[in-house]
Amino acid sequence: MKTYRVLTVCGTGIATSTVAAEKCKELLKARGLQIEVIECKATEVESKLPVFQPDVIVHTTILGDSVAKEVKKFRGLAFLTGMGMDQLADEIAEYLKSI
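None of the values given here were measured: they were computed from a predicted structure.

Caption draft 1: Highlighting the nonpolar core. Within the largest apolar cluster, 21 residues are counted, with the highest numbers of intra-cluster contacts made by Leu28, Ile35, Val58, Phe79, Ile92 and Leu96. Residue assignment for this core shows that the elements contributing at least two residues are β1 (3–10), α1 (16–30), β2 (34–41), β3 (56–59), α3 (77–81) and α4 (85–98). When neighbours within four sequence positions are excluded, Phe79 is seen to be in contact with Val19, Ala20, Lys23, Cys24, Leu27, Val58, Met85, Leu88, Ala89 and Ile92. Core analysis: the next-biggest nonpolar cluster, separate from the first, contains 11 residues, Leu7, Cys40, Val67 and Val71 among them.

Below, the structure written as structure tokens:
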């Protein structure tokens, strides 16, 4: 089974990216996906790309359009609020299964 890589991003790389990472692991595993997740702050994204090579980025802070243009990005606010969380997990799972 393929392991998909998810980079979770927040302003500081500590709090909200960790919550998003845990929800990603839990919800995507429930959808039959094997996931590896790391967290970082927004200013570290470009340096993490060549090393971690994420399949998707889930961000809880705004990322500029020029940041990681080659990686599909999902706004992870639903993982923090709980509202729309399952829909977001479905969208991420559908995308990952398509690549």
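Let's pick the thread back up.
Caption draft 2: Local environment of the environment of Glu39. Position of Glu39 relative to the elements: it lies in strand β2. For the pair Glu39 and Val9, spaced 30 residues apart in sequence, the C-alpha to C-alpha distance is 5.8 Å. Among residues more than four places away in sequence, those in contact with Glu39 are Thr8, Gly13, Ser17, Thr18 and Ala21.

Caption draft 3: Representation of the pairing of β3 within the structure. Side chains Val56 and Val58 of β3 all project onto a buried face; the interleaved residues Ile57 and His59 project onto the opposite face, where all are buried too. Pairing analysis gives 4 bridges linking β3 to strand β4 (residues 72–75), with the strands arranged parallel. If you follow Val58 over to β4, its bridge partner there is Phe74.

Caption draft 4: Focus on the packing of aromatic side chains. Scanning the model with the defined rule gives 1 aromatic pair in all. Lying over the aromatic face of Phe74, Lys72 brings its terminal NZ or CZ to 5.4 Å of the ring centre. Above the face of the Tyr95 ring, Lys72 is positioned so that its terminal group lies 5.9 Å from the ring centre.

Caption draft 5: Structural detail: the sheet that holds β2. Taking strand neighbours across the sheet as the criterion, the 4 strands line up as β2-β1-β3-β4 in an open arrangement whose pairing is parallel. Sheet topology places β2 and β4 at the edges, where each strand pairs with a single neighbour. Recorded for the sheet is a direction-independent mean angle of 25 degrees between the axes of neighbouring strands.

Caption draft 6: Broad picture of the side chain of Thr8. Checked against the element boundaries, Thr8 lands in strand β1. Owing to a relative accessible area of 0%, Thr8 belongs among the buried residues under this scheme. Filtering out sequence-adjacent residues up to four positions away, Thr8 remains in contact with Ser17, Ala20, Ala21, Val37, Ile38, Glu39, Cys40 and Val58.

Conventions used here
- Residues numbered from 1 in each chain as written.
- Predicted model: local features only at pLDDT ≥ 70, side-chain atom pairs only at ≥ 80, totals over all residues.
- Heavy atoms only, no water.
- Core = buried A, V, L, I, M, F, W, Y, C linked by side-chain atoms within 4.5 Å.
- Buried < 20%, exposed > 50% of the residue type's maximum accessible area, 1.4 Å probe, protein only.
- Helix = DSSP H or I, 4+ residues; strand = E, 2+ residues; numbered from the N terminus.
- Contact = heavy atoms within 4.5 Å.
- Pairing = 2+ DSSP bridges.
- Phe/Tyr/Trp six-rings, centres within 6.5 Å; stacked < 30°, edge-to-face > 60°.
- Lys NZ or Arg CZ within 6 Å of the ring centre and 35° of its normal.
- Axes fitted to C-alpha atoms, helices over the stretch in contact; angles between N-to-C directions.

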